[in-house]
Each structure stands twice: as structure tokens, then as C-alpha cells.
6 protein chains.
Amino acid sequence: MRPSGRQPNQMRPVTIETGFARHAEGSALIRVGGTEVLCVASVENRVPPFLRGKGTGWVTAEYGMLPRATHTRGNREAAKGKQSGRTQEIQRLIGRSLRSVVDLAALGEMSITLDCDVLNADGGTRCASITGAWVALRLALGQLVAKNVLTHMPLRGQVAAVSCGLTKAGPVLDLDYEEDSAAAADTNFVLTADRRIVEIQGTAEESPFTEDAFNELFALARTGVSVLFDAQTLAVETAENR
Amino acid sequence: MRPSGRQPNQMRPVTIETGFARHAEGSALIRVGGTEVLCVASVENRVPPFLRGKGTGWVTAEYGMLPRATHTRGNREAAKGKQSGRTQEIQRLIGRSLRSVVDLAALGEMSITLDCDVLNADGGTRCASITGAWVALRLALGQLVAKNVLTHMPLRGQVAAVSCGLTKAGPVLDLDYEEDSAAAADTNFVLTADRRIVEIQGTAEESPFTEDAFNELFALARTGVSVLFDAQTLAVETAENR
Amino acid sequence: MRPSGRQPNQMRPVTIETGFARHAEGSALIRVGGTEVLCVASVENRVPPFLRGKGTGWVTAEYGMLPRATHTRGNREAAKGKQSGRTQEIQRLIGRSLRSVVDLAALGEMSITLDCDVLNADGGTRCASITGAWVALRLALGQLVAKNVLTHMPLRGQVAAVSCGLTKAGPVLDLDYEEDSAAAADTNFVLTADRRIVEIQGTAEESPFTEDAFNELFALARTGVSVLFDAQTLAVETAENR
Amino acid sequence: MRPSGRQPNQMRPVTIETGFARHAEGSALIRVGGTEVLCVASVENRVPPFLRGKGTGWVTAEYGMLPRATHTRGNREAAKGKQSGRTQEIQRLIGRSLRSVVDLAALGEMSITLDCDVLNADGGTRCASITGAWVALRLALGQLVAKNVLTHMPLRGQVAAVSCGLTKAGPVLDLDYEEDSAAAADTNFVLTADRRIVEIQGTAEESPFTEDAFNELFALARTGVSVLFDAQTLAVETAENR
Amino acid sequence: MRPSGRQPNQMRPVTIETGFARHAEGSALIRVGGTEVLCVASVENRVPPFLRGKGTGWVTAEYGMLPRATHTRGNREAAKGKQSGRTQEIQRLIGRSLRSVVDLAALGEMSITLDCDVLNADGGTRCASITGAWVALRLALGQLVAKNVLTHMPLRGQVAAVSCGLTKAGPVLDLDYEEDSAAAADTNFVLTADRRIVEIQGTAEESPFTEDAFNELFALARTGVSVLFDAQTLAVETAENR
Amino acid sequence: MRPSGRQPNQMRPVTIETGFARHAEGSALIRVGGTEVLCVASVENRVPPFLRGKGTGWVTAEYGMLPRATHTRGNREAAKGKQSGRTQEIQRLIGRSLRSVVDLAALGEMSITLDCDVLNADGGTRCASITGAWVALRLALGQLVAKNVLTHMPLRGQVAAVSCGLTKAGPVLDLDYEEDSAAAADTNFVLTADRRIVEIQGTAEESPFTEDAFNELFALARTGVSVLFDAQTLAVETAENR
């Protein structure tokens, strides 16, 4: 039995609310069970130094967690004066995942920053960030097309992410915090709607696991992301038909 | 005429929603017009080094702004590796304001941190933070009393804050961003429900102003905080009768 | 009775010695009782990035305290690797206060930095810094006029600052360290010679105070700054007639 | 054709030299083609704060690269004042990988730090670090057993790592720098000698890839690590029979 | 001819004023020509961690320069967030120089910090710091003896420092800024009153120099420090007979 | 007797291996007894900001020590976020020493960075760094001449360094770690092959020493560097005749 009573292949409820950040070109407040992440896309007419003059764009991400998004208050990274290794690892993953489906050359010399800030945490914040950030990015790009800044949508695919893990209840989909902190292995799958792989990060927490177990987790992830793709599509359609 | 069409002595709409931060002992999401701040109280069973063993408690605050809470994206302080002077000044003000109405000795060796994070900014974020933080603090203390950790509520007053300024439309109450950025003078009043002063910060932005002007701003502030005290009272009552 | 035996409305002895910093365009070593601050104005032919090409100048301030300016040695901020929130708050206040009386457009694309370094501290260091920095600034501007870099003095007023507070001896003027550390409320008034307000920072240290008490403090401040304006005037006249 | 003329499933030459760091409890200088990493194990009689008094040990890793290990000189992280996100990501991976095969409870309250410093870089430095660090760790633990500090070897498995990628020459084993910088996908496999998975990190560099491609890369990795396990075994035997 | 018209073996005027820092256990404001350094000794009843429980004391130094002590304003190290390599080198030198004449065991578990802050700079600030710091240290120790905290003066010698250099005018004593910035070689001699060597730092600025030249500089230094020893002695006597 | 059984005027075995850093313009792995430093020269077509447009070049150095180069593991400076005072002092010394024999104007607007990283430490690492860095620099410059980037070798001399000290065995040459940590005085001599002085740093560790003792150390250093000059010459000849 899972602590939440869910079936092994059952996602938590997913909702994506757009427009929360009033000043931003695109934003999505994603809720996956008790995890809540505000994903915000900001468009700027400049690129990082290493790309200047190359006629190509850039997509990057930053990740943060409010100090009391978690059970006990964590230190504020701005006050400590540096981002943790975990934060940097996660924001690099989000950035890479979204770049893999953007035609950077078609974007031109613009950059889009995806800020993913966790308001409430209950496991799976990096996967929720990727899933929500895709919606924020999609809306920002849609606005650029609508304003004729871009002649076409420079997006080559739809990306979502989910974590699966080996728990006492066997291989399960979409770990919550309680499951995550006790899992023997935890794997994040970043996948596309056309069934390709963007990123796989599988980690044995306690002891190594078998290839068969890995394949079971992969199959669960396939199930999970299909729910997420639907939620993304619904959010974009709702936002653009407003 | 004010840009928003408001009367000189008219506040923007104020709402305070409690319970947004699920893990926290108290939280208040305050909206004052387009400004939206999540204020979260965290209780911890320890005090800073300078108070250890003195039998007294501590109340402090931290302030942050999401990178795209504003019209153009600002740099994330955690990524820059330090908090700006403005951030530090604001969080020191919030902490002082709340400590002035808490009986720290009655609190015992516990500390309460108020995290005020701006989700959307449209002027007056420090005042909204103080007003919302009082609600979060009040709820956290109420929980400690309800759980018999404290025998009585160690709160000696109710605090709220509002900014007033000298604009082209004359002295006005509750500046929004457009007014604030063009005001000749800007004064923040942190006041108590029993009509006392916690903190006054009056600043000439462009050129010094007269004592008469200052007195007009003070009178407007008295009007404004009475609205805020009502919103605070309503939020606390609603939360505790749930 | 005040610890020093002073009358409630009595300032400590004030002296301002100019020319202490030999390389600087203007400098003033101000002593207010046991508080001693070296205020130094440096003129540079450039402005911060946000002002470049706008044809306007800038005035800013930095504040520091020698490690043993106080009763017990404090850590050196350069060694700790960051300026405290208190330091940043004070230097922002000094900069704002002086900018309020400078015609930045008339200054042209130059910047003037006021370095205020506390050599000995006995309360009121931020007020002494503002009062001394005005003299250093005035001398530096005078030199620019004398050298025909500027056609006229771009100064619109004379600024000085004093702290008043509620102590056991009632409302008193010009708190020394012993009074300051025990005061129930402490208010800094930055005022101009033509009786206008540049900045007011009133803070309840322990419990909120009444509007009547605030008005008494304000009246004391009026008395105090008149002494400071005389000391400033004397220092400038002495320096320029040398 | 691969740039180096290697077969798709062909590793570069691998050598592991032990004892290079004279003061350390264990050390391995691993060379995989032109990549050269010095892996050093340091044993200390204390554990990080979060483990104190729990009777269990800790294994962690730090990673660095000499400024001119690469084609063009990179900035020294100590001079920049912080470790890059890439560095932190890699050292977290090395630490996790080794902890997965150590019986931390059997280690007792000791910690072992694996310093992996890249002397020359030609692709695959994180994989070489893991492979070499296992040898350094094994030797340090062997010394603790030999000195009767530990009653038995607290190691539950043998770990090695290799990167595989999709290049113009198709799926290939053990990418060098030239291949790595142009690969369409790059996957690091951290595997055990008993054919289990410690960590998989698969990343689409340019565009997402298929599950079939992923499976081909996995099969190549199986081939590669068997070479590495032999090199590790040889190095340990040689060192311990000296 | 030297720019100042001084003879090759002529020191600039030297004065040492004590008691400038009112709260400190010992202080000396030393002036060597246009160079002015405030040297302050602070006694604390604790030692750094590496000495705790060893029954021995510690003497250390910190060095700083006010931003406008020099011809053009330098950045404030506290604002930059770190001390320069030059600052660290100088403060390490001052600390070592004074420790060489203190009987640290006789001091007991106390530490004395010498803060040397340059108020005006015209060459030779590190030498003036050492010379002035010895006086501040001597006075602080004298006070500890007078208060019976120490039974005898734990000082084994008298230390002073002077710089000599190879200039266009040949080898000269006590370089000022103009000479220092153009010297072919610059050597700092830290010597004791009983003619022993504490530290020698000789540096070729432009091209290496001969051993004969070095010996000439050494002879000049002997002349210079005798003047400094007299100034130190006078300052201590004056202070203690007050 | 010296701990190593060496004669007072006997160097440890010295070897210099070139070409260790495969990507660098010049490199030397120097071993002096148990001390081992990798010295690497990197040529870049730019100069620091203060030299831009002046037509002259720059030579600088950075120094580091692997965490376990020493008996007990030291903290990694990149992880601590700053370089120690000792590190900065050493790298400034290495840079100055090499600049003293380079014709920077003849180098043109190029800079050469010498990275000196200590792989194993047994005393004398700064001297070994200087000695090895000269070889790396010489090889890099030779390559620039060979490629006709430079018309002639812009090197005016040959530099090497050795430490001498006063130990229980009297004045000795080339201190190892055991001697260094117990020496009463320690002097580093940076000398040229034509018998001139580049830098002398003599430090009394415990108590001041006499001028006679200093002269004895200087004589020993003359003996020592002649060995080092031979080793440098041999390394350069071997490398260039390969």
C-alpha cells in the first residue's frame, strides 16, 4: 500500500493555472498533489556573452524554494549568499530539458528565462518545474508569434517530467515526499509527447538496482507523462482562448 | 487625478487569505491592489546565539522578491550571492515592527521567523509585508496557545503599515508603483490599532518637504491603517473559526 | 537626569575640522561629544552605469566603522566579506540625504562619493556622518566652482541631522551611546536650514509611542540642528578663507 | 568512422597507478586515453554534523580541474570564489555513486573524502573520477582493515562508470572530448560488477532520442565497464601485493 | 636629488600620538611625513580555536586603508566583499613582526589584535603600521601589568620597520610614494633595538639587483630604525607619565 | 644532524619533467625531494584591463595545493570560496619573480599565466614553484619564437629559488617539512644565474636573528640555486631537442 492509498501507476491530481505572474510574458502555477511551483517565463532582447552576434537565442532556468515550502524552515539561499549544489543541479536540468525542444536559431537573439519557484513542496518539485515551465515557455512564445516578433512558433516538441521509484510498495509512479525520502531508488524521466527521451536521471539511494526494475520504472513514467501532456495542453488552450 | 482614478484618501482593495503555506504555523497571502505578498511564520525551538540562556524569545523577518514580480525581470539574489541593501533594510524594518508588539519574555526561548516573499509587485511591498506578517504571526501564536505551549497570547498590539506620498495629485494614500516612482516624497507609517507609532520613515525623493505636508500624510495614514486593521481582524477570525 | 548631566535640549560640544584627508577634494572631521567621524568627498569624472549618457551627475555615500571605534572590538567588515545590513542602511540614508539638496543636472556627468568612517563612536554616528558629509561635499563643490569646472554651486540647501529619543529622563536631544542603548524610542531627523524635512526615521525600540511624544522629539530636533548649521557654516567659512 | 579510429564498442587504453599521493590512505592516478585524474582517499575520525552520534560513517567527494587541464585555460574556481554548477553536480554524483556500495554503519563514525582532481582532460572526466575513486576508497578501506581499525571490509560492491553517446559514427562507447562536444546525446552509466545500476544520467544535447537508442548505449556501457572492472582489480591487487 | 630634497639617509619627520582611540587598551597615531596610520590594540580574553586550552596567548593584526587615503579613491574592501592579496600580505607581516618579540606563553590565554588603519598614505604604510603597532601593543601590555592581570611585561624586544630602495638618486632611506612608485628595488626591514632581524622583504621591481646594493640598503635601514626607536620610546614614556 | 641525514649545504634530489600538461604551451613537473609541483604556462592574446592598449605584455601566477598534498587533508579553497592569505602571498611572489626577468614590452599584448599546483608537499613549495615556473615560461616563450609570433626570446635572465633556515642542526639549505616547521628562522632567496637578487624574504619564526646568521643563509642559498639552474637548463635542453 502506498501511504496516500494511490495505485502504483496513479498520478496525484494535476492542475495548471496560467497568468498568475501579472507582469510576465508567460506563467504557470502548477500543482501536483501538495507540490506547488510558480513557473514564469521572461523574454529579454539580449543573449549571454558567449552567444552575442551569433544570431541564435537562449533558454535558461533558475530554481528556488521559499524557505517554508517544506516541513521545517530551510535557510534562504539569498541570505546564505549562495545557491546549493542541489539548486544548481535542478536549474541546469530544467534549462537543458526545455532547450532540447526549442529551435534556438529560429528564436533569434533573444533569451527566455524560466523562473521556477516552489511555493509548497511535497516531492517531485523538479519534475513539476519542468512540466510547468514548458507551459510558461509555450505561452511566452505564443505571445511573440501573436505580436509578429516571431514568424512561427520555434518549438519542436512538448516536454514533461515525472519521478518514479522503488518503494516498499514496489515500483510506483509520481513519488510524494514521504515515498521519496524512503525510496530505494528514484528516477526522473523527462520525456516528449512523441515518445522520445530528453533526460533520464536514475539514482540508487541505498543500494544498486536491476535493469528489470529500471524498465518497470520507465513504463510507469510513460503512463504518468501522458496525464501531464493533457494538463499542459488544456492549460495552453484555456489561456489562449481567453 | 490619480493614475488609478482613486480618491486621495482611498486605499486599493485589500484581501488577506490564510493557510496558503501548508507546512507553516501561520501564513497570510496579502493582496493590496496588484501587490501580492506571501507572509509565512515559522516557529523554532531555539533562539539566536546572543539570546541563548536568557529565557527570552525572538521575532525576525526575511524579505524576498521573485525575479519577475516586477515589470522587468530582476536578478535573483540567491544567484548574485547577496541580498541588496534595499532587501536588508526592508527585512530589518519588518522584524523591528513586529517585535515592538510581542512580549518576547512571555514567548520563552523560541523564535519566530516571518518570511515575506513578494509574488507580484505594484508598490507598497514593505507595508503589505508588515500588515500580512502580523496576521501570520498572530495565527502562529494562536496555535501555540491552542496547543498549550504558551499559556497566553504574548501579543501586546496590532500593527499595520501604509505608505503615503506627495504626488502631482497632492498628498495621497497607498501609493501604487506608478505613483511611487514619481512621488516627491514617500513616507511609510507603521502604526498600532491603539493609535501609537511603531515606525515612521519619511523620505524626500527629490527635494525636502514641509512639516505641514508631513502632517497631511500622517492623517492619511491614520485613515488607511484602519482599513488594514479590519482586514487583519477578519482574516484572523475566519482562520480561527474554520 | 541625563547620564551626562546635560539639559534635555542640550547638544554635546560640536567641532568640525576640515582638510584632514590630504588628497581629497573636500573633507571634514566632525566631533559630536565622543563621536568622531571622518567625512571625505571624492570627485570622479564618471557616473554609475544607469546614468551614463544622461548628462546628469550622482552623489553617493559609503559608511564604515573602525573595528575598535566601540567599547568592544567589532569584526572588520572587509575581513567578514560583507557589509552588515546596518551599514548598508546607514550609507543609503547618507546618500539620499545629500542628494536631496544637490542639483544633479547642474553637476553634469560627475559623481561625488562621501566616505564616512567612524574613528570613535559614542552614539549618533549616522547623524554626525550626514552633518559632516555636507561640509565635505560643500568644500568639494566649492573647489569645482573655483576651478571653473562648474559655473555655479549646484547646492540647493544645507542639511544636518540629529537624533532625539525617549529616555528615562524624558524626551531628550542628541543621544549618546548610553542613552541610545536604553531609549524606548529613537528618532533621527534630517532637516534643512530652511526648516524643511529631508528624512525622518522614528523607531520604537521596545514599545510603540504616541504622536505627542513624536512631536516633542521633533521640536527638540529643530533646536539641535540650528547648532549644527552654525558649526557647518563656521567650518566652511574657515576653510575657504584660509 | 570515429575521429580516433576506434571501433564503436572500443574503450581507450586504461591504466590505474596507485600510491601517487604520498600522504594519503589511498590514491589512484587513472588514465583513460588522454584523460588523467588523480583520485585520493582521506580518512578522518569525524563525521559531518548531521551524522554525529549516530554511529554511522560517511563517504563524500570533491572534484576539481587544474586550470589548464583543457585546451584553453579556464578560470581557477578558488580564485573566482565559487565552484561552478557543473563541479557541484559532478562531485555530488561521485559521492552518491561510492556511497551506494559502502556499508556506512560498518564504517563507524569515520568519514572518507575522495578528492578527484583532473590533471589532463579529454572527455569522460566524471566517469574516470568514479572509476579511480573506487580504487582509492578500496585501498583506504583495506588499510583500515589491515590496521584492525575495521574488522571487515565494509564494501558491498565494485563500481565503475563510462559514458556512451550518439555521434555521427552512431552509438559509441567512451566518448573523447571531440566526440563529446558534438554528440547528439550523452549518457553516463555508473554500474556494479554484479550487473546492477547505481546511476544513469542520459541527456539529449540537441534533440530528444529514442528508447531504442538508449538501449544500444546501455549495451555498449556493459561492455565498457567490464574493462574498467578488470583495470580496478589489477590495480588493487598490485598495490596490496607490493 | 630626492623629490623631497631629503638626504639619502634622511627620514621624514616622525611623530607618534597615543590615546587617539578612546575605547582601546592602547593606541598610537603614527605620522611619517604624509603617511598617517592609526594603530589600535584590543585585548580579548580568548584565543583562536587552534590555541584553545594550550595556556598560551596570541597576537595578530588587521590592516586597512580608508578609500581616499590615496591620490585617487580606491574601492572599499568591505564593499567589494574581500580583502586584496596586498592587504592580507601586509597584515600577516605586521602580525608576525610583533609576535616575534612577545612571550606568548607569558601572555596566557588572551589575544591582542592590532588594527592598523591608514588615514593618509604617502608611501611606507606597512612599515609605519609595524612601528606604530608596537607602541599600541606596548601600552596595552603596560595596562595589563598595571592592573595586575599580568605579573610582568611579556615583551622581549622593541621592533620598528623602515623601507629603503634603489631610486634615481641612488640608495635612499624611507621612500615616499613618489620614490616608491619609481624605485628599481624596494626593501622593507623589520629590525629590533638590539640589532637583530625580524623580517626582511627585498623585491626587485623592474630588474634584479646586486648583493652590494642590498647591503647598502641594509646600512641605511639601521640608521632609519634608530630614529623610530627613539620616537617609540618617547611616545610610551609620555603616555605612561600622563 | 638533519632529520634526513643530509649535509647542511646539501639539496634534496631535483628533477624537472616537461610536457606533463598536454594542452599547455609549456609545463614542468618539478620534484625537490618529496615536494612535487606541476607548473604550467598558458599564453593568451590579451592583457589585464590596466595594460590594454599600452603595447606591453603581462606575466602572472596562480598557486594551489591539492587538498591531500599534505599530511592531513586541508580544505579545498574552491569549496571554501576564497583563497587564503598564504596562497595569495605565494602567487604574488611567483608572479613578481618571473616578471623581473621578462622584457614585457618585447612580449607585446599577450599574457602568460603560470599555474603552480602542488601535488605532493614536503616543504619548499613556493621555491619549487618559482623554479619550475621558470622552465614552463621558458618553454612557452620558446614556442612563440619557434612559431615566429615573437622575433626573439624576451627573457633577460634565469631565476630559481631556495629556502634556507636556522634549525637545531644550524644553518641549513633546502628545508624539508620537518625542518621548516621547527626552524627558528626561514629565508627564501629568489636569485638569478648572474648572481643578482630578485627577492629575499627572511622571517624570524620565533625570535629575531642576527645579521651574521642571515649572511650564512645567503651563502647556502648561492650553493643551492646553482644546482637548480643546472636542472632547469637540462630540462629545457631535453625538451627542445626532443
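Predicted model only: the values in this text are computed from it and were never measured. (Residues numbered from 1 in each chain as written. Chains lettered and ligands numbered in written order. Predicted model: local features only at pLDDT ≥ 70, side-chain atom pairs only at ≥ 80, totals over all residues. Heavy atoms only, no water.)

Another point: the interface of chain A and chain D. Taken together, the contact pairs 30 residues of chain A with 30 residues of chain D. Viewed at the interface, chain D and chain A are joined by four salt bridges. Glu 211 of chain D is paired through a salt bridge with Arg 222 of chain A; the nearest N and O atoms lie 2.8 Å apart. Our count for the chain A to chain D interface comes out at 16 residue pairs in polar contact (both at pLDDT 80 or more). If you list the elements that add at least two residues to the side of chain A that touches chain D, you get α2 (85–99), β9 (197–204) and α6 (211–240) of chain A. Of the residues forming the side of chain A that touches chain D, the biggest block, eight residues, is contributed by β9 of chain A. Considering only residue class, the side of chain A that touches chain D consists of nine nonpolar, 11 polar and 10 charged. Both β9 of chain A and strand β9 (residues 197–204) of chain D contribute to a ladder of five bridges, which runs antiparallel. Bridge pairing links Gly 202 of chain A to Ile 200 of chain D in β9 of chain D. (Contact = heavy atoms within 4.5 Å. Salt bridge = Lys/Arg side-chain N within 4 Å of Asp/Glu carboxyl O. Polar contact = N/O pair within 3.5 Å; in protein donor to acceptor, adjacent residues only side chain to side chain. Helix = DSSP H or I, 4+ residues; strand = E, 2+ residues; numbered from the N terminus. Nonpolar A, V, L, I, M, F, W, Y, C, P; charged D, E, K, R; others polar. Pairing = 2+ DSSP bridges.)

This part covers the sheet that holds strand β5 (residues 111–120) of chain D. Residues and elements named next belong to chain D. In space, the five strands of this open sheet follow the order β1-β2-β3-β5-β4, with mixed pairing throughout. Two strands lie at the open edges of the sheet, namely β1 (14–18) and β4 (58–65), each paired on one side alone. Across the sheet, the mean angle separating the axes of adjacent strands is 20° when strand polarity is ignored. Judged from the nine bridges that link them, strand β3 (residues 35–44) and β5 form a sheet pairing that is antiparallel. Considered in β5, the bridge of Val 37 is made with Val 118. (Axes fitted to C-alpha atoms, helices over the stretch in contact; angles between N-to-C directions.)

As a further point, take the environment of Asp 115 of chain C. When you line up the elements, Asp 115 of chain C lands in strand β5 (residues 111–120). Overall, the relative accessible area of 1% leaves Asp 115 of chain C in the buried class. Sequence-wise, Asp 115 of chain C and Ala 41 of chain C are 74 residues apart; in three dimensions their C-alpha atoms are separated by 6.5 Å. Ignoring sequence-local partners within four residues, the contact set of Asp 115 of chain C consists of Leu 38, Cys 39, Val 40 and Glu 62 of chain C together with Pro 67, Arg 73 and Arg 76 of chain E. (Buried < 20%, exposed > 50% of the residue type's maximum accessible area, 1.4 Å probe, protein only.)

On to the relation of the copies chain B and chain A. Superposing chain B onto chain A takes a rotation of 180° combined with a translation of 0.0 Å along the rotation axis, leaving an RMSD of 0.0 Å. Here the symmetry operator amounts to a two-fold rotation axis. Both copies present the same face, since 100% of the interface residues in chain B are matched by interface residues at the equivalent positions in chain A. (Least-squares fit on C-alpha atoms with pLDDT ≥ 70 in both.)

Now for the UniProt feature "domain: Exoribonuclease phosphorolytic" (unreviewed entry) in chain A. All names here are of chain A. As recorded in UniProt, the feature "domain: Exoribonuclease phosphorolytic" (unreviewed entry) lies at residues 10–140 and 158–223. The span residues 10–140 is 30% helix and 31% strand, and its two end C-alpha atoms sit 31 Å from each other. Its end C-alpha atoms 15 Å apart, residues 158–223 is made of 29% helix and 44% strand. (UniProt positions renumbered as here; feature names shortened; annotations may be inferred.)

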